[in-house]
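For reference, the chains in residue letters:
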Amino acid sequence: MPDSAFLRRRDKREAASDLKNVCIKDHSSELVRSVLDDIFQPNNDINNLDYLEWIRLLISGGLSFDEFVSEVRAYDNSNVCGLVWTAKYVAYRCRTCGISPCMSLCADCFVHGNHVGHDYNMFRSQAGGACDCGDENVMRREGFCHRHGQHRAPAPPAPSELLCVAQVMMPRMVVRLVQYLRALCRSVERGTFRVELVEHEHAFLDLMNELSRMGDPMRQLLNEVLVSADVYQQCLRGEEAGSPDADRAQQALRSLPSLRGERVRGVLPEECTNVVDELLVWTVKYEFPERLVTFLLNLLPCDAFKECFARSFVRFYGSMALSVSGSLSPEELANRVVHMSVQLFSNSTLACLLVTELPLLTVMAHSLLNMVEDAKRSCDLRVCAEVPPDNLNAVVDCGHQVMRKHCYWPVASDLINLLTHRDVALRFLQDRRLLLDWLDLVSAFQGMNTNTRQLDAHVEIEPDTYYAAFSAELECCASPMWSLLQHLRDESTAELTLSVVGALRDALLDWMISIGLRADGQTRSLSPLQCSFHLPLHRYLAMFVSNGLRRQGLSLDALFAWSEQDALQLVQAPLRIQASLYEIQANLWVRNGLQMKGQAMTYVQCHFCSSMLDADLFLLQLCAARLPPDVLVGQVLDAFHVREWLSPRGGACSPLVDEARASTLLEGALFLLVQLVTLKLHLGLSERDVARSEMVALLAVADRTHSQLVEHIPDRCSVIPPSVDYDQLVHEVARFQQPALAGDVLREGVYVPLDVLWQEHFDPVWVQLRAIRAREMQDALDRFSEWARRSRTHSKALWPPFRRTASVPDELRPLLACSSMHALVLCVLHKVVKGEATEMAAALAVFLLDTALSHAAEGHDDDATALDAVPEHELQRCFPSGRILPNLATHVRSLHVGDHVWPWGEGVIPLLVQLHARLGQPYSPTARMPSACRIGDGVFFIRQVLDHACALSRACRAAAQQAVERLSLETRPDADTRRRRARARQEKLLAQMAAQQRSFLQSNQTGSDAASAHDTPLPAQCVICGAGTDRTLAALALLQLSTVQCHRTPDALRRQMDAAAPPLFVDHVRTTREGLPAPMRVLAPQCTGVLAMSCGHRLHLDCAANYKSTTPRDHELVGVEFRCPLCRCLANALLPELAPTPSAEHADLSSPADDSPSLDDALADAVAVMTRMLLESGRSVGQARSDAMIAALDVTLRLGDPKRPVVPILIACFGHVLRLEHVLDCALPLLRGEDPAHALAVDPVRTALAAVVCRASLRQGRPLERVLRRASLLSAVQRQRPFENNLLSVDDDMLIRLGDQLGVHLEDSYPLDQDDRRCLAAWTQATSASPPQTVWGLPRLLQLPNSYDVIFQRFRLFPCNSCRRSNERQAVCLVCGDHFCIQSGCAESEARGNGAIHLIQCGGDTGVFLLVDSSEVMVFAGPRVCVWGSIYLDEFGEEDKNLKRGKPLFLCTPRYEALERHWRHGTLHTLQARWVLHGSRI
């Protein structure tokens, strides 16, 4: 029998095969033990690649490792995919198929599953995860792919000989892994530390991960070893009793942080019982190394291992939670903890098992309590008292690391995940002790982050912790609350609701005592200078009461049996928040900094308002049902500081409020009262009606995209899925407007309100409830008024159309029938009539009256009364009773002020009559019931209230008649005054008509003059001085490199490319382009040309010089760039133009040319700019100069009137070229047709002819000027006149014959050498030849697939052409189809990034790249770059920047065509976007 050394000397594959044969016969033989002892010696380097390759061969039993893996996976019987991924992996989530909100699918399972028409999205994982395909506890079987789930065809069992070596080696490999982890422990001191395995230290763990991914047969082998207590005792504890590392695991276990508290004592095990326990010890100790976490998660598809691992995970859960708060990188550690826990707690069966048999819920609650205890501080809330009592309440400090770094997040997330299972949630509520522990935790957030208003100096340092406070309340308090409430849905759980409400009452009473709000039997109020937005106990009470009323059939008396005194104490804190919102809006908190506005906006934000604002308002409604209405109204007025200001005799404001801001606070108080009376969010409104109201409020403020409508509808922490079809609902109130291009501005598809929205559903109260900013309410009212004018419904200044409520709850009706409310309306109307309050206050007061009249109690009609000496600030004594009709007819004649009586003499009806007359016209009393219409101005609504009161009461009708008569006597003008006013109105009307007639006549005359002068071109003039052609004018031009014309494609090839299958579009483009002739391939740098663009404006050369020298340099300009003085367009050159001569066609060729130095210098600058650009593209010096001259020649010939002389331009251009033979060298290839797609688009005939004449002229020593004059005329022949065939014979007299054809006499001929004759022969052939057979199409960008998922799946893991690595920052060139990564550090050159390098090779100065990871288009234009937008939109016409929403995207053809048009025309720099300088670093 060969020994182990002999096996290693032989061929490794043969040795592995021999060992397999031995194992098949006797796996416990001496040879097998000898080989294993030799391989797994503790001093062997387990990360040595040769060592690991030897292990792979032994496990494979003579096969290659890849063959072995394929064969083992053929016997995989696992029903669950279980693919594990780490952070930033792109996965899918289907809400249609998901049972748990945490379900996720890998890309392969999603593609192979049936999710057509489902509500799914793609997302980039933050913490990592695993594929749930096949797990019926997490998702429905309809969403499984064909490879997973119970319906798959079972695989046969794996043959024993296939895994015989692995079965023998697995215990040794696991032991070696544990030994390796023990050796990494640097210290056994208390706490955890970070261990990240670098590149060469994780090879053995990678091998273990490969084994765990082989499927069910290999997982079963690993499970037998990992969960076995015998293996752990024999292989790890017994054999290492005397080794230095024998107690290392035990010491590490004792060093882990443990929870404090009697109920969780002993949860953390005292010693490890199996390998799983020890692996978890090192996982926690080393702060969750990624590869170790992945190894454990890969084994979870094995049910036996999953249960064993979950039990150990619960025992170590407290240590994991505390290690997050003590870590130096809590965010990353929290993500890794959730990466593991979500795989365990999303499974309902396993979660119920863990909660039933282990104290998992208690461990979680105490984990949060332990974190909070470390972050507590004294509460700053104070009460109004001469000697405020000490505040005994302790709250969390939002500046502590636990709050600031969100260390609580993994525990809160796991608890929310657990509470989504009904059995777990009910067990949570049934455990009275656990419930009290939880309320202790919630109390720690009660009153946190208290703000104290600054009255003198501005706060020096604004705190930035307020958002941490909102996040903490939402995640630790609100989200678990909603998770619990979703299971209390019928009468069977009513007792649990009553139990929770009782516990909440006790907790709230204790809290009010602790802050001094309730002491010595007295009720105090909170300080008016303080505010805390955080009252989770109040909100728990409100939401559990609401749930019991709506869903469980409980009565209000059973749920809210609070005494009047207790309710008065309970109302203080939420009422203080509502007042603070309007104080912030009135800038009373301005000295506290912008963070106060941030808190107010966050409080109303859609993600928080359901858990905060709505709950607070409902609690106020509950308290209003328990408090006397006069007391509640008084509390509201005191909270908003307007009681003194409302005094009819103009009393002073509160010391805390100045008079200028009192009107804003009055509006806030009235809005709050209206909301308390009419808001039915928790008083019977169906979920569909609530969703419609939310949509209407959003659409009233602005047109919205589909995602804005869905995402901005307040949710319940994404725990309770909506039961309303939002798509169907939105079509009832809005119409979809397709995405469009407004010029260069990209517009997404939006929903626009229908008429029915404004007519029937628009409610300003709901808009104000959801208005994050004060201007949103005004925006909604402006849009409503605009609709009314457009639809001719109403053209006057409209009042807000407050909606009547069909029925106010009986418990809230006393608010409408109380003397304090009626007295408040009386004082508000008095302030409005005096001009001290706004029309909005008047509209709210009138609406309160209208609502009170609609719910007025029937009774006998009392006579009008008059009251004297009413106390000034005791509003409830203004009227004798709470009945609305007698109070409307009551006349308050005087007020008792101090020791004297102040005469007043006002009533509600007289004030309404006065306001009616002031707003429009005198009121005429009419007894009629109000109409259902809610669209009108102030006169309309006031008339409706007055008519309604007159119809219900004779006393009101008499009071209205008396008020009208008194007002008419006071304001009736005499007969002369009325006649003067009528005459003035008539004269004003006649003057307006005369002015309109004059304007009409002038416009007609101007139009006829313009029509007569339409054919006369406007003379060119300088945009600075306004002068014409008295001096040389130059056009502003932007010169840039371009290869656009080089990308033209033959029509036949284009049809072939268009027929390509979209999934293979990139490969197909590359294949077809490589088969083209050289000029049609992706062009080399020497094919780059210069493109000139002009805004059309002109400058004198001297004006331009002065402008550039005196204008301050813009930091956004580069090099010689400047901006047009008129339109601010970008330019970098001036191209001169000369005025046309009277007879340009028969000009005297011998006349002297304008050789102005300024003209010469301007052209020299333009040629220099072009030369520099061409040099940067890789040309030689001589070639760059020649090409620049040709470009200047072509551009100047194309600018302006073709009749203008071009001789001076030619002289200047040719004068700056050192070697004229380069002109011929560049022109001949064009002439021969070798490069039909040249980017310069220069007329090859003109260029070649001019070059020949120049060369012949210089060779004969003739004057350059005369030759260039003749050449310029001859070069225009082909464009202007057709040739006769006999004119094209090549001889020395050819130029004379061509001159005669032009009507120009040339005195002598030019002797031509052989090169000249060859050139002219080619010219004649090109002139007389038939058109080429190949038809070239316009330049085009790539043809893209319709679905963006095709691009994303192809390129997201595609290796970069430069670094050969796959990464997220992939870009695809839409011109040539090449791809590369644009992240820093990838490019081979340090000076240029991959994008800049490709730009030079493919596009010159312009380029269009598609960013794969964001679906956006990056546009390059010269030295600038911008992210223009996305050419892929979802089904609702929206962009998905950075793929945050992950919805399916489809190609938007109009956008892509617009982008292609700009690229083709060279106008990319005019796109409306935020341009920045890229510095060649992208």
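Residues numbered from 1 in each chain as written. Predicted model: local features only at pLDDT ≥ 70, side-chain atom pairs only at ≥ 80, totals over all residues. Heavy atoms only, no water.

## Section: the overall build of the chain
Where we set the bar: Secondary structure counts use DSSP, requiring at least four H or I residues in a row for a helix and at least two E residues in a row for a strand, with both numbered from the N terminus. For the exposure calls, accessible area comes from a 1.4 Å probe over protein chains only, and a residue counts as buried if that area is under 20% of its type's maximum, exposed if over 50%, partly exposed in between. Should any heavy atoms of two residues lie within 4.5 Å, those residues are considered in contact. Per-residue and other accessible areas were derived by the Shrake-Rupley procedure at a 1.4 Å probe size, with only the shown protein chains allowed to occlude residues.
In terms of helices and strands, the chain carries 62 helices and 32 strands. Per-residue burial over the chain gives 55% buried out of 1482 residues. Considering only contacts within the chain whose residues lie at least 6 apart along the sequence, 76% involve residues at least 24 apart. Counting every atom, the chain has about 63,400 Å² of accessible surface; 50% of that belongs to carbon and sulfur.

## So, the packing of helix α14 (residues 303–315) against helix α17 (residues 348–357)
Basically, it comes down to this: All axes are obtained by fitting lines to C-alpha atoms, using only the stretch in contact for helices, and the reported angles, taken between N-to-C directions, cover 0 to 180 degrees. Roughly parallel covers angles under 35 degrees, roughly antiparallel covers those over 145, roughly perpendicular covers 65 to 115, and oblique covers all other angles. Crossing handedness is read from the near helix: turned anticlockwise from the far helix by less than a right angle, it gives a left-handed crossing, and turned clockwise, a right-handed one. Amino acids are sorted into nonpolar (Ala, Val, Leu, Ile, Met, Phe, Trp, Tyr, Cys and Pro), charged (Asp, Glu, Lys and Arg) and polar (every other residue, Gly among them).
It is the contact of α14 with α17, at a shortest axis distance of 11 Å, that shows an interaxial angle of 45°. As the angle between them shows, α14 and α17 are arranged oblique. With respect to the hand of their crossing, α14 and α17 are arranged in right-handed fashion. Of α17, the residues touching α14 (which contributes Lys306, Glu307, Ala310, Arg311 and Val314) are Leu350, Leu353, Leu354 and Glu357. In the contact of α14 with α17, the residues fall into five nonpolar, no polar and four charged.

## Some words on empty space enclosed by the protein
Counted only if it meets this: Any residue with an atom within 4 Å of a point lines the site, the site being either a cavity, points on a 1 Å grid over the protein atoms alone where a 1.4 Å probe fits but cannot get out, or a pocket, an open set with protein on both sides within 12 Å along at least 5 of 7 lines. Grid points are joined across faces, edges and corners, and a volume is the space filled by probe spheres set on the points.
As enumerated under the stated definition, the model contains 13 cavities of 30 Å³ or more in all. Within this model, the largest cavity holds a volume of roughly 60 Å³. Together, Trp799, Pro800, Phe802, Arg804, Ala843, Val846, Phe847, Asp850, Arg934, Phe941, Gln944 and Val945 line the largest cavity. At the level of elements, α42 (839–854) and α45 (938–952) are the ones that each hand at least two residues to the lining of the largest cavity. In terms of residues, the lining of the largest cavity owes the most to one element, α42, which gives four residues. The class makeup of the residues in the lining of the largest cavity is eight nonpolar, one polar and three charged.

## Remarks on the pattern of salt bridges
How we decide: Think of a salt bridge as a Lys or Arg side-chain nitrogen and an Asp or Glu carboxyl oxygen that are within 4 Å of each other.
One pass over the full model with this rule turns up 48 salt bridges. The partner of Arg263 in a salt bridge is Asp437, with the nearest N and O atoms 3.1 Å apart. Of this pair, Arg263 sits in the loop between α11 (248–255) and α12 (275–285) while Asp437 sits in helix α22 (residues 432–443), and the two are 174 residues apart along the sequence. Among the residues examined, Asp437 registers a relative accessible area of 13% and is labelled buried. Residues participating in the shared-partner salt-bridge network are Arg688, Asp689, Arg692 and Glu732.

## Concerning the packing of aromatic side chains
Heads up, the condition is: Two aromatic rings, drawn from Phe, Tyr or Trp (for Trp, its six-membered ring), form a pair once their centres lie within 6.5 Å of each other, and the interplanar angle then sorts them: stacked below 30 degrees, edge-to-face above 60, tilted otherwise. Look at NZ for Lys and CZ for Arg. If either is within 6 Å of the ring centre and within 35 degrees of the ring normal, a charge sits over the ring.
Applying the stated criterion across every chain yields a total of 31 aromatic pairs. Aromatic pair Phe428 and Trp438: ring centres 5.9 Å apart, planes at 80°, arrangement edge-to-face. One end of the pair, Phe428, is in helix α21 (residues 422–430); the other, Trp438, is in helix α22, with 10 residues separating them in the sequence. Exposure remark for Phe428: the relative accessible area of 1% places this residue in the buried category. For Trp438, a relative accessible area of 1% translates into the label buried. Residues Trp758 and Phe784 carry aromatic rings whose centres are separated by 6.1 Å and whose planes lie at 45° to one another, so their mutual orientation is tilted. Placement of Trp758 in helix α37 (residues 755–761) and of Phe784 in helix α39 (residues 774–790) is noted, with a sequence separation of 26 residues between them. Classification of Trp758 as buried rests on a relative accessible area of 3%. According to the relative accessible area criterion, Phe784 is buried, its value standing at 1%. Of note, Arg56 hangs over the ring of Phe65, and the distance from its end group to the ring centre comes to 5.5 Å. It is Arg93 that lies over the ring of Phe123; its NZ or CZ is 4.3 Å from the centre.

## Overview of the side chain of Gln944
To keep it simple, the criterion reads: Definition of a polar contact: a pair of N or O atoms within 3.5 Å, with one able to donate and the other able to accept a hydrogen when the atoms are protein atoms, and with sequence-neighbouring residues admitted only if both atoms are side-chain atoms.
Relative to the helices and strands, Gln944 is located in helix α45. Side-chain polar atoms of Gln944 contact the side chain of Ser931, separated by 2.6 Å. Discounting chain neighbours no more than four positions away, the residues touching Gln944 are Arg804, Pro930, Ser931, Cys933 and Arg934.

## Concerning the sheet that holds strand β26 (residues 1379–1381)
How we decide: Strand pairing is assigned whenever DSSP identifies at least 2 bridges connecting the two strands.
Read across the sheet, six strands follow the order β26-β25-β27-β28-β29-β32 without closing on themselves; strand pairing throughout is antiparallel. At either end of the open sheet lies a strand with only one pairing partner, and these are β26 and β32 (1476–1477). Examined bridge by bridge, strand β25 (residues 1370–1373) and strand β27 (residues 1406–1411) share three bridges and lie antiparallel to one another. Each bridged residue has a counterpart across the sheet, and for Ala1371 the counterpart in β27 is Leu1411. Against the sheet, helix α61 (residues 1394–1402) engages β25, β26, β27 and β28 (1416–1421), with an angle of about 130° to β27.

## Quick word on the nonpolar core
Going by this rule: Only buried Ala, Val, Leu, Ile, Met, Phe, Trp, Tyr and Cys residues count toward a nonpolar core, and they belong to the same one when joined by side-chain atoms within 4.5 Å.
Among the nonpolar cores identified, the biggest contains 338 residues, and Ile55, Met173, Leu279, Phe309, Phe445, Leu541 and Leu829 are the most heavily contacted of them. The residues contacting Phe445, other than those within four sequence positions of it, are Val372, Val396, Met403, Ala472, Cys476, Cys477, His534 and Pro536. Judged by nonpolar contacts, the second largest core, of 63 residues, contains Phe1352, Cys1402, Tyr1456 and Leu1471.

## Focus on the state of the cysteines
Note the cut-off: The rule for a disulfide is simple: a pair of cysteine sulfur atoms within 2.5 Å.
What the rule picks out here adds up to zero disulfides. Not part of a disulfide, Cys1376 finds its nearest cysteine sulfur in Cys1373, a span of 3.7 Å.

## As for the packing of helix α7 (residues 164–183) against α12
Remark: α7 packs on α12, axes separated minimally by 11 Å, with the N-to-C direction vectors making an angle of 30°. Comparing the axis directions of α7 and α12 gives the class roughly parallel. As α7 packs across α12, the resulting crossing turns out to be left-handed. On α12, the residues that touch Val174, Leu177, Val178, Leu181 and Arg182 of α7 are Val275, Glu278, Leu279 and Trp282.

## So, the environment of Ala425
Here Ala425 lies in helix α21. Residue Ala425 is classed as buried on the basis of its relative accessible area, which comes to 1%. For Ala425, the contacting residues outside a window of four places in its chain are Leu419, Leu484 and His487.

## Quick notes on the environment of Tyr89
Mapped onto the secondary structure, Tyr89 falls in the loop between β1 (84–85) and β2 (90–94). Residue classification places Tyr89 among the partly exposed positions, given a relative accessible area of 22%. Between the C-alpha atom of Tyr89 and that of Cys106, which follows or precedes it by 17 residues, the distance is 9.1 Å. Contact partners of Tyr89, with chain neighbours within four places excluded, come to Leu83, Cys106, Ala107, Phe123, Arg124 and Ser125.

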